[in-house]
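As a plain string of letters, each chain reads:
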Amino acid sequence: MTITIYHNPECGTSRNVLTVLEAAGYTPTVVEYLQTGWTLDPLLKLIADAGLTPRTALRESKSPAKELGLLEPSVSDETILAAMLETPVLVNRPIVVTPKGTKLCRPSEVVLDLIDHFPPGPFYKEDGSLMINAEGNRVV
């Protein structure tokens, strides 16, 4: 299964998702988008494939979105996209692409919808919360 994760290693949720993928035996392509940046067409496709809009893909917390005035309802999608291209941290993460679909994996459990098999359980997130029980089942 081909998997790509748009990853920020400073983000706990992003680290959790990458750890789940690797523990399940996958070797995802990791795109550290803060280093690579974005270009318009691939970013638009990623947002659309994830069923998002530029506004719903916008990272509102722990980003300069508020300072840049991007949280105002009157701000257009085009303005948000231009800001995302200029300041990549404005794109929420992690976004995971698999043959099963593309999703913004927040919370990190969302990644389980995109993979064929889970890591062996019990599996815990960084914060110590149980994600997969000892029987290998998703914890709701």
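Below you will find a few notes about this structure. Owing to the predicted nature of the structure, the values given are computational and were not obtained by experimental measurement.

This next bit is on the nonpolar core. With 20 residues, the main nonpolar core has Leu70 and Met84 as its most contacted residues. Among the secondary structure elements, those contributing two or more residues to this core are helix H3 (40-49) and helix H4 (77-86). A per-element tally of this core places H4 first, with four residues. Discounting chain neighbours no more than four positions away, the residues touching leucine 70 are Arg55, Leu58, Ala65, Val75, Thr79, Ile80, Ala83 and Leu90.

What follows concerns the sheet that holds strand E4 (residues 101-104). Pairing within the open sheet is mixed, and its four strands lie in the order E2-E1-E3-E4. Single-partner strands in this sheet number two, and they are strand E2 (29-31) and E4. Taken pair by pair, the neighbouring strands of this sheet meet at an average axis angle of 15 degrees, ignoring direction. Here strand E3 (residues 95-98) runs beside E4; their pairing, made up of four bridges, is antiparallel. By the bridge assignment, valine 96 is partnered in E4 with lysine 103. Docked against the sheet, helix H1 (residues 12-23) engages strand E1 (4-6), E2 and E3, running at close to 170 degrees with respect to E1.

The rules behind these values
Residues numbered from 1 in each chain as written. Predicted model: local features only at pLDDT ≥ 70, side-chain atom pairs only at ≥ 80, totals over all residues. Heavy atoms only, no water. Core = buried A, V, L, I, M, F, W, Y, C linked by side-chain atoms within 4.5 Å. Buried < 20%, exposed > 50% of the residue type's maximum accessible area, 1.4 Å probe, protein only. Helix = DSSP H or I, 4+ residues; strand = E, 2+ residues; numbered from the N terminus. Contact = heavy atoms within 4.5 Å. Pairing = 2+ DSSP bridges. Axes fitted to C-alpha atoms, helices over the stretch in contact; angles between N-to-C directions.

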